[in-house]
Amino acid sequence: MSAKPSRPGLAGATRATALWCIRILARQARVKWLARAALERFPALQTRLYGVLHRHDVPPRRAHVPQDVRDLSPDTEAMYRELKRHFAARKR
Amino acid sequence: MRIVIDLQGAQTASRFRGIGRYTMALTRGILRHAGDHEVWLVLNGALDESVAAIRAGFAGLVPRERIRVFEPPGRVAEMDSRAAPRCRAAEMIREQFIALLEPDVVLVTSLFEGYVDDAIGSVGTFIDGARTAVILYDLIPLLNQDHYLGSPAQRQCYMRKIESLKRAGCLLAISDYAREEAIAALDLAPDRIVAISTAVDESFVPAEPTADALDALRGRFGITRPFVMCAPGGYDSRKNLPGLITAYGLLPADLRAGHQLLIASRLTDHDRVQLEKHAQSNDLAANELILTGYVSDDMLIALYSAAALFVFPSLHEGFGLPALEAMACGTPVIGSNSTSIPEVIGLEEAMFDPRRPEAIAAKMAEVLGDPAFGARLRTHGRTQAAKFSWDNTARRALRALEALAGTGAPVRPRAREALLQALAGMPDLAADDTTLLALASSLASLPNPAAPRQLLIDVSGVNDAQPLRGMQAVPVFLSAQGGVWHYRHANEWPGIGAAPVAGPVADMRVADMRVADMRVADMRTGDILVCPCADRHALEAAVEDGLFDHLHRNGIALHIAVDDLPSANMPAWMRSLVALADNVHAGDPAWPAIEALVHARTIA
C-alpha cells in the first residue's frame, strides 16, 4: 500500500508543517475538549470526527510488544519464525 | 459444563455504564448458581486498566488460573482504518484463544465494542459460533442508522458485529421487547433468542432520607420544594428530555408552583445549554428546572427516595433500568408506553404517549393531584421491582447455556497451522517485522495446556547459590532491555546445562552470567515467581515500570521476602509490591523459609 504522494515545493512544506502543528495541537486534552464542544453543534460532522477527537484521551499503555527479535522469549520467537515462514510462502 | 465468559463488557468505557454493571452482576449471579459447572473468564490485555479491578472483583469466586488474559496484536480500535487488518487478525486469534480453553459454551457479554477502544468481539470468523451465546442489549443503532451510524466506518463496524450476532448459536436478550425486536429486525428463528431480563443492584431499596441528608440534597442542587424527577441513564435524543420539559411547562400553575423538575444525568455543557434554552422557551423560571449533572449511586438513591414522582419519557429502550431502580426505591413511577418500558413498569394506568407532551403532562398532573394514585403506584412499584432479580436472570441464562451445550459440537481449537495460514492468507495484513512481532506476541499468549506450571526464582540478588541447591526451579534474572523490565533466564546456566525448566539449580555463579546472553523468560498464567532478595534498585525500577502489575494481571503468583514488613519507613514502591504479592515472608529473608514456603505449594 503506497502512501499519498506529498506536494512538491513550498506548498508541500507549508501543508506538512500546518498538519504537523494541527496534530500536535489535537493531542492537547484542552484543545480536543474545545473542538468537541464546538462540534456538538454540528451532529453530522461530529459523528464523522468522533474517532479523531476521542483518540488518545487515555494514553495508550506502553506496548509489551517487543521491537526486536532478540527481545522475544523462546515461545514467542518460535511463533515469530513460524509466522515469518507462512508470510514468506504467501509472497511466493 | 465449562462456561467461558468473555468479560470485555466490563472492561471498555461500558464499565461505567449499564453494560458494565450488567456484565458484572450477571457473571456473579452465574457463579452463585453455577453448581457443578466450571466458569472461566477471559479478559482483554489491551484494556489493562480494568484487569486488576476485575481480578480483585472475582477473587475467591474464580480461581486465578481460570481468569485468562488475551493479548491483541497491537492497537485494534476500528476508528483507525489502518487497524482494520490487525483487528480481523485479532478476532481470529481471540476465537482460537477461547477455543483452546475447551469450553462447552461461550458467553460474550458485549459484542458491540471496539470502535473507539481496543475491544475485540466476533463470532464465527475462525471458530464455529454455534455454541456461543451473546447478550443482546438493544438494536437501537441498527434501527436508527442515520442518527447513530453517521460515518461509513462506524456503519461498517456495526454491521460486521450484526453479522457476528447472527452467527451466534443463541442470543440472551435483556427484555422481552429486545427479543421481539431482534426476531423482527434480524429475521432470526425465535428459539435462538431467550429473554433473560435484568435487575437492579441490591442497594436500590426504599430509604427515608434523614433531615440532614435532605438538607444536603437541597443545598447541593437548589431544591426548594417537592420535585418531579427523571434519571434518563445517559443523555441522548431518544431520552426525550425536551418533551419532558415541555410537558412540565404544560402542568397546571398550582402543580408547577408546588414542584420543581429535576433531571439527574451526566450532561455536556452543550446539552445543558440546549436544555436550559428549551426550558426558557417554555416559560420555565430559572429555579424550576434542576440539572444535577452526574450523581453517584448513593446520591441517586437519595434523590429517588426524596422525589414526589419519577417520569421516564424515553422513546426507545432495550430495557429501561432507571424506571426499575426508582420503583425499587419506592418512588411512584410513570413512563412511556413505547418499546420495553411497559414491560418494566407493568401497569397500564402508569403509561403515557411520549411523543405527546400534553399526554405526559396529563399523567404527571394525575399523580401529583391524587395522593391515592401516587400511593397505588408506590405499592405497585415495589411489587413489580421484586419480580426482577439477578438470581432469576442468572438462572435463566444458565438454563439457556445448558440447552445450548446440548446442541452441535463443543467448541474446539483449530490446528495452529490453520490459524497461521489464515493470518498469512489475509492480503491486507502487512508482512513487516513490526506486524509479525506483534502477531507473534499475541499468538504466544494463547493458552498452552501442554506447558508445565513453572516455579521461577529471581536470582538477580543472589551471590550464594548454596541454599538453592536441589530446588526444581527456573532461575530468572531481573533485567532491563530497551527500557522495559523483564525476567530473563540463561540458556546455558552454569551447572545445569541448557535446561532452564525444572532442572535443579546447582552451583550458579551469577557474577559470571552476562545478561546479554539471557533470554526473556516465558511466564504463563499459573506460574509462581519467588523474589527472595532481588537487588533493591532493580526491584524498585521494575515496580515503577509496572512489571509486577503486568505479572499479577496475567495470573502469575508472586512470593516475596522483605526485611522488615511492619516498618513505617517501607518505601511506597515496596508497599505496592507487597500489595500485589500472594505470600510475603517478613523478617529474616533466609532461604530455608522461602524454600519451605514454595515447597508447601504443589508444583505441577
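Residues numbered from 1 in each chain as written. Chains lettered and ligands numbered in written order. Predicted model: local features only at pLDDT ≥ 70, side-chain atom pairs only at ≥ 80, totals over all residues. Heavy atoms only, no water.

(A) Local environment of the packing of helix 15 (residues 357-368) of chain B against helix 16 (residues 371-386) of chain B. Residues and elements named next belong to chain B. Across the interface, helix 15 lies against helix 16 with an axial gap of 6 Å and an inter-helix angle of 95°. Relative to helix 16, the element helix 15 lies roughly perpendicular. Where helix 15 approaches helix 16, its residues Lys 363, Glu 366 and Val 367 are matched on the opposing element by Pro 371, Phe 373, Gly 374 and Leu 377. (Axes fitted to C-alpha atoms, helices over the stretch in contact; angles between N-to-C directions. Helix = DSSP H or I, 4+ residues; strand = E, 2+ residues; numbered from the N terminus. Parallel < 35°, antiparallel > 145°, perpendicular 65-115°, else oblique. Contact = heavy atoms within 4.5 Å.)

(B) Highlighting the pairing of strand 5 (residues 132-136) of chain B. Residues and elements named next belong to chain B. Extensive coverage of strand 5 is indicated by the burial of five of its five residues. Along strand 5, one buried face is formed by Thr 132, Val 134 and Leu 136 and the opposite face, lined by Ala 133 and Ile 135, is buried too. Relative to strand 6 (residues 170-173), strand 5 is paired through four bridges, and the arrangement is parallel. Residue Val 134 lies in a different strand from strand 6, and its bridge partner there is Leu 171. (Buried < 20%, exposed > 50% of the residue type's maximum accessible area, 1.4 Å probe, protein only. Pairing = 2+ DSSP bridges.)

(C) Quick peek at the interface of chain B and chain A. Tallying the contact residues gives 47 residues for chain B and 35 residues for chain A. Between chain B and chain A, the buried area comes to about 3,800 Å², and carbon and sulfur atoms account for 56% of it. At the junction of chain B with chain A, the criterion picks out four salt bridges. Across the salt bridge formed by A:Glu82 and B:Arg416, the nearest N and O atoms sit 2.2 Å from each other. If you look at where chain B meets chain A, you find nine residue pairs in polar contact (both at pLDDT 80 or more). Looking at the side of chain B that touches chain A, the elements with two or more residues in it are helix 6 (152-167), helix 11 (269-281), helix 18 (416-424), helix 19 (433-444), strand 16 (484-490) and strand 17 (518-520) of chain B. For the side of chain B that touches chain A, the per-class residue count stands at 22 nonpolar, 12 polar and 13 charged. (Buried area = accessible area lost by both parts, 1.4 Å probe. Salt bridge = Lys/Arg side-chain N within 4 Å of Asp/Glu carboxyl O. Polar contact = N/O pair within 3.5 Å; in protein donor to acceptor, adjacent residues only side chain to side chain. Nonpolar A, V, L, I, M, F, W, Y, C, P; charged D, E, K, R; others polar.)

(D) View of the packing of aromatic side chains. Residues and elements named next belong to chain B. For the structure shown, the criterion picks out nine aromatic pairs over all chains. Measuring from ring centre to ring centre gives 5.1 Å for Tyr 22 and Trp 390, while their planes differ by 75°; the resulting arrangement is edge-to-face. With a gap of 368 residues between them, Tyr 22 in helix 1 (residues 18-33) and Trp 390 in helix 17 (residues 390-405) connect regions that are remote in the sequence. Both residues of the pair, Tyr 22 and Trp 390, count as buried. (Phe/Tyr/Trp six-rings, centres within 6.5 Å; stacked < 30°, edge-to-face > 60°.)

(E) Just the side chain of B:Thr198, in detail. Relative to the helices and strands, B:Thr198 is located in the loop between strand 7 (193-195) and helix 8 (211-221). In this view, B:Thr198 contacts B:Tyr22, B:Ile174, B:Phe319, B:Leu321, B:Phe388, B:Ser389, B:Trp390 and B:Thr393; residues no more than four positions away in its chain are not counted.

(F) Fine view of the confidence of the model for chain B. Residue and element names in this part refer to chain B. Residue-level pLDDT values for chain B average 87, and 89% of them are 70 or greater. Contacts from residues 495-507, a stretch scored under 50 in pLDDT, to residues over four places away or in other chains number 36 contacts. Reported confidences for the modelled complex are a pTM of 0.82 and an ipTM of 0.80. (pLDDT = per-residue confidence, 0-100.)

(G) Structural detail: the sheet that holds strand 1 (residues 2-6) of chain B. Residue and element names in this part refer to chain B. What the seven strands build is an open sheet, ordered 3-2-1-4-5-6-7; its pairing is parallel. Of all strands in the sheet, those with a lone pairing partner are strand 3 (67-70) and strand 7, marking the two edges. Between one strand and the next, the sheet's axes are offset by a mean angle of 25°, whatever the strand orientation. With three bridges joining them, strand 4 (residues 105-108) and strand 5 adopt parallel strand pairing. Across the sheet, Val 108 pairs through a bridge with Val 134, a residue of strand 5.

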